[in-house]
Amino acid sequence: MAGLTALASAPPHAAGRRLPRLPLRGLAAAAAWLLLAGATYALPEDGDFPYTAAFAAGALGLGLALPPASAFSGHLGRAGAALAHWTPWLTLAALALLAWELVTAKFALLPMPFFPPPQAILEVFWEDWPKLGGSILASLKLLAGGYLIGAGLGFGLGVAIGWSKAVGYWAHPVLRFVGPLPATAWLPLAFFVFPSSWSASTFLIALATGFPVTVLTWSGVAGVNKAYFDVARTLGASPGFLILRVAVPAALPHVFVGLFMGLGGSFAVLVVAEMLGVKSGLGWYLQWAQGWAAYANMYAALIVMALMCSGLITLLFRLRDRVLSWQKGLVQW
C-alpha cells in the first residue's frame, strides 16, 4: 500500500522515466511501414516478382521494431539520437516505397521493364551481387588511383605556384588554358596516347581532380597573412619551414575545398570513362544493364553509385574535421 501511495505521489516526469512514452513520430513511421507491408502482402500483383514476400517481411519487421526502438531511443546513446533524427525520413521513405509499389507492381501504371518495383531492385542486390560488388571494387580502385595522383600533383603544383613567382609565371598561363577544359573532352586523345584504357581513365580522373586542387591550393598559399612569414623569419625559420609549417597549414581550408570539388569531378569522369573504354566498374555495369534492358540492374547500380559518392564525401569531411578541428562544423555536409 505504501508503495502504491509513493508511486501515486511521484511527479509526472519521474513516472515518465520509468515507463517511456511512445513518440508520435515513431508511431507514424511504424504505421507507414506496416501499411507498406500490408499492401505488399494483400494486393494482387500485375506480374511475377519472386522477392515480394521478402520485401514485405522486411517492411513488417521494421514496422514492428520502430515503436520499442523509438520509446527507448533516449537510452540508446548515439544510435537513439540518430533514430530520433531520421524518424521523419523513415516515414517518408515508407510512403515513397508504398507509392512506388502501387504504381508498378500492383496497378501497373508505369510500364515494365522501364519502371521495376522495389522488390525487383531487391532481387538484383541479392542475386547479382557478385557482378555488382566486383564493379564497385573496380570503380573504387580506378577512382582511388586517379584521385590520389591528381590530388598529390595538384597540391604540389598549387604550393609551388603560390610560393614561387617564377613557377607561377610559367605555370599560370598553361593552367588557364588547359584547366577549364572538361576532362571528358580529352577522352579521344587519352585513349589514343595511353597504352591501355585503364591508364587513360586514370589520367582523365587525375586531370579532373588536379585542376580544382591546384587552383584552390594556390589561392590558399598566396592568401596567407604575410605577418605569419615575418614572425617566422624573425625567429630564424628556413624557407622549408615557412612552406611546410606556415604556408601549407594556413592554406588547408582552401585545399579541402579543392579536394571536395575534385572528388565530384573525378566521379563524373569515372562513369564516362568506364562506359566508353574500361570493361569493368559501375559505369560499365550501367552500360551493360541498359544494353540488355535490365532496368532493375541499372537502378540498383545508380543507388550504389549515389551511396558510394556520398560515403566518400562524408569520409573526406570527417578527415577535414579531424585535421581542421578548429573549423569543425564550419562547412556542413
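Structure: see above.
None of these values were measured; they are calculated from a predicted model. (Residues numbered from 1 in each chain as written. Predicted model: local features only at pLDDT ≥ 70, side-chain atom pairs only at ≥ 80, totals over all residues. Heavy atoms only, no water.)

Chemist: Any chance you could explain helix α4 (residues 52–71) here in plain terms?
Modeler: One turn of an α-helix holds 3.6 residues; hence residues three or four places apart share an orientation. Its 20 residues give α4 an end-to-end C-alpha distance of 30 Å, which sits within 8% of 28 Å, the value for a rise of 1.5 Å per residue. The sharpest bend along α4 comes to roughly 30°, located at A65, with the proline P67 sitting one to four residues further on. Along α4, the residues that are buried comprise T52, F55, A56, A59, G63, L66, P67, S70 and A71. Next to the buried residues of α4 lie α3 (24–42), α5 (78–106) and α6 (118–127). (Helix = DSSP H or I, 4+ residues; strand = E, 2+ residues; numbered from the N terminus. Expected span 1.5 Å × (residues − 1). Bend = angle between axes of the 7 residues up to and from the residue. Buried < 20%, exposed > 50% of the residue type's maximum accessible area, 1.4 Å probe, protein only. Contact = heavy atoms within 4.5 Å.)

Chemist: Looking at this structure, how should I read the nonpolar core?
Modeler: Soluble globular proteins tend to pack their nonpolar side chains together in the buried interior. Membership of the largest hydrophobic core comes to 46 residues, with the highest contact counts inside it found for L259, F267, L282 and L316. Every element with two or more residues in this core is listed here: α6, α7 (129–163), α9 (187–193), α10 (197–222), α12 (239–276), α13 (282–291) and α14 (295–323). In terms of residue count, the dominant contributor to this core is α14 (twelve residues). Non-local contacts of F267, meaning those with residues more than four positions away in its chain, are made with L143, M305, M308, C309 and L312. Judged by nonpolar contacts, the second largest core, of 14 residues, contains A32, F55, L66 and L98. (Core = buried A, V, L, I, M, F, W, Y, C linked by side-chain atoms within 4.5 Å.)

Chemist: Could you clarify how one ought to interpret the side chain of T104 in this entry?
Modeler: For T104, the position within the fold is in helix α5. Residue classification places T104 among the buried residues on the basis of a relative accessible area of 3%. A polar contact is formed between the side chain of T104 and the backbone oxygen of W100, at a distance of 2.5 Å. Excluding its chain neighbours within four sequence positions, the residues that come into contact with T104 are L110, F115, P116, P117 and P118. (Polar contact = N/O pair within 3.5 Å; in protein donor to acceptor, adjacent residues only side chain to side chain.)

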